[in-house]
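Residue-level listing of the chains:
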Amino acid sequence: MNIPVKNNISWVGKRDWEVEHFHGKEYKMQRGTSYNSYLIREEKTVLIDTVDLRFRSDFVRNLAEEIDLKKIDAIVINHAEEDHAGALAELLALIPGTPIYCTANGVDSINGHHHHPEWNFNVVKTGDSLDIGNGKKLIFIETPMLHWPDSMMTYMTEDAVLFSNDAFGQHYCDEHLFNDEVDQNELFDQCQRYFSNILTPFARLVTAKITEILGFGLPVSMIATSHGVVWRDNPVQIVELYLKWAADYQEDRITLFYDAMSSNTRMMADAIAEGIRETDPRVAVKVYNVSTHDKNEIITSCFRSKGILVGSSTMNNVMMPKIAGMLEEITGLKFRNKRASAFGSYGWTGGAVDRVATRLQDAGFDMTIALKAKWRPDLSALEACREHGRKIAREWALSPLPDSTPKPADGILPAAIVAAAAVNRDGVAMAEAGEGTGQKMICTVCQWVYDPADGEPNQGVEPGTAWEDVPDDFLCPGCALGKSVFDPFEG
Ligand code: FEO
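Quick look at the structure, then. Note that the coordinates shown come from a computational prediction; the quantities given were computed from them, not determined experimentally.

**Details of the sheet that holds strand β16 (residues 222-225)**
Piece 1. Taken together, six strands build an open sheet; the order of strands is β12-β13-β14-β15-β16-β17 and the sheet is mixed. One side of each edge strand has no neighbouring strand; the edge strands of this open sheet are β12 (129-133) and β17 (230-231).
Piece 2. Summarising the sheet, strand β15 (residues 161-165) and β16 pair through four bridges and their orientation is parallel. Bridged to Leu162 within β16 is Ile223.

**Considerations on the packing of helix α5 (residues 184-199) against helix α9 (residues 295-304)**
Piece 1. Axis separation between α5 and α9 bottoms out at 9 Å; the angle between their running directions is 85°. The angle between the axes of α5 and α9 places the two elements in the roughly perpendicular class. Counted together, Gln192, Arg193, Phe195, Ser196 and Asn197 of α5 and Asn296, Glu297, Ile299, Thr300, Phe303 and Arg304 of α9 form the full contact between these two elements.
Piece 2. Of the residues that constitute the contact of α5 with α9, the class distribution is three nonpolar, five polar and three charged.

**Let's talk about the state of the cysteines**
Piece 1. Evaluation of the coordinates by the stated rule reveals zero disulfides.
Piece 2. For the unlinked cysteine Cys173, the closest cysteine sulfur is that of Cys191, found at 14 Å.
Piece 3. Classification of Cys173 as buried rests on a relative accessible area of 4%.

**Examining the pairing of strand β14 (residues 152-156)**
Piece 1. Counting buried positions over the five residues of β14 gives five, a clear majority of the element.
Piece 2. Every second residue of β14 is oriented toward a common face, with Met152, Thr154 and Met156 on one face and Met153 and Tyr155 on the other, all of them buried.
Piece 3. As paired elements, β14 and β15 share three bridges and run antiparallel to each other. What sits directly across from Thr154, in β15, is Phe163.
Piece 4. A loop of four residues connects β14 with β15, the two strands running antiparallel in sequence, and Glu158 in this loop sits at a positive phi of about 65°.

**Focus: unusual backbone geometry**
Only a minority of non-glycine residues have a phi that is not negative, and only a minority of peptide bonds are not trans.
Piece 1. Backbone geometry at His115 places phi at a positive 60°, although glycine is not the residue there.
Piece 2. Tracing the chain through its elements places His115 in the loop between α4 (104-114) and β11 (121-123).
Piece 3. In this structure His115 comes out as exposed when scored by relative accessible area, which is 57%.
Piece 4. In this structure, Lys334 is a non-glycine residue whose phi angle is positive, near 55°.
Piece 5. With respect to the secondary-structure elements, Lys334 resides in the loop between α10 (321-333) and β21 (339-346).
Piece 6. Assessed through its relative accessible area of 21%, Lys334 is described here as partly exposed.

Calculation notes
- Residues numbered from 1 in each chain as written.
- Predicted model: local features only at pLDDT ≥ 70, side-chain atom pairs only at ≥ 80, totals over all residues.
- Heavy atoms only, no water.
- Pairing = 2+ DSSP bridges.
- Helix = DSSP H or I, 4+ residues; strand = E, 2+ residues; numbered from the N terminus.
- Axes fitted to C-alpha atoms, helices over the stretch in contact; angles between N-to-C directions.
- Parallel < 35°, antiparallel > 145°, perpendicular 65-115°, else oblique.
- Contact = heavy atoms within 4.5 Å.
- Nonpolar A, V, L, I, M, F, W, Y, C, P; charged D, E, K, R; others polar.
- Disulfide = S-S within 2.5 Å.
- Buried < 20%, exposed > 50% of the residue type's maximum accessible area, 1.4 Å probe, protein only.

Take a look at the structure:
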């Protein structure tokens, strides 16, 4: 099957209505996905990407119905993950020696998956191009870490189509290919779910890379992603959304998630949420139980939120295991510009809440005082939870509260409620930043740390060089990305 995309470009990919998971079982797909492959038939015939490994035989058979495979002059592999390059071995078994255009990292990861170093690799970097005849060229743009170090995009001149690979995609399946043909709510929900669960750790890089691409001044009539729709109606809209989401995004929203052994922590969550809503009715408040709700929906809600509250019963003096897993995932996502607080009920000791608060602080959240309740909250304890919610609503308000909202209640905390020590992350950071030869900086992509005391002699940066004096063309020794992906290191 082929679907015309534009002029001599057609879609030859595979729809997958049934798939439910991506990255093992870590990302739950709600609406399937597609593996988009494109066939360009100009004077030269070029295939852009293939499909998922599971569909390699279908793909090659369908492609052979479209075209004599021996007429394929080149294959562009924008990204080697098996959902894009999965059919490469089966295809090249039929047309060995066909040139493959990919990045240097692409050679490494394609070989790592397929183990064919004899394949005809042609390494490209940003600005390199391939003449495909009829006055048209393919221009390559490296996009490391969007989504792997090997990733790149390919731009086709004249038709002005950007083959963006994972970027601007969604795990979304529809019989229609173009963005203006599908349900818009479904589409944008999936775009945001995809960005928040997969691309958030690379948000700084998204901004830098989009800025770089916009700087080329190339017209873009379509963005042909590797998953989901082709953006033909106002393709810039998804670029603008990415820039917005990458800029420490937040809405007037608070997300609570918890796990509970016997509903006591759930009672706290419900009461805190009530207090927030009473005090600031403008705020969207969402409550999730990590044992029963979709993990990726919770993460998307956290991404949209100005702050999160994380609750756990204490079990064996530690937090509930599913909460520990969520905190590990949230740490990896490197959310910025968000506040957080911990809460939970306990019997003999309240170790879980302290551990949750520490993990949230380590994950970079600005912390607000935590809340513990001993045993099952009674009426006064529940009122204390509501009051905690009111306090959170006031502290986290994005603009002055309406006059009619409830005022603080005095002396409300009963003995069963213990407010844990507030953690002022900014205070700690400021103290550390003033010491030594200057602020250490960490690469937000590979975690390499620049220490001014050591400099980076391999790039001529002498020991004792403050970060602001490091040259603008400095590259991270760990992942070769520029200064824009570095943040102050507070470790
Ligand atoms: Fe679509 Fe990076 O996989």
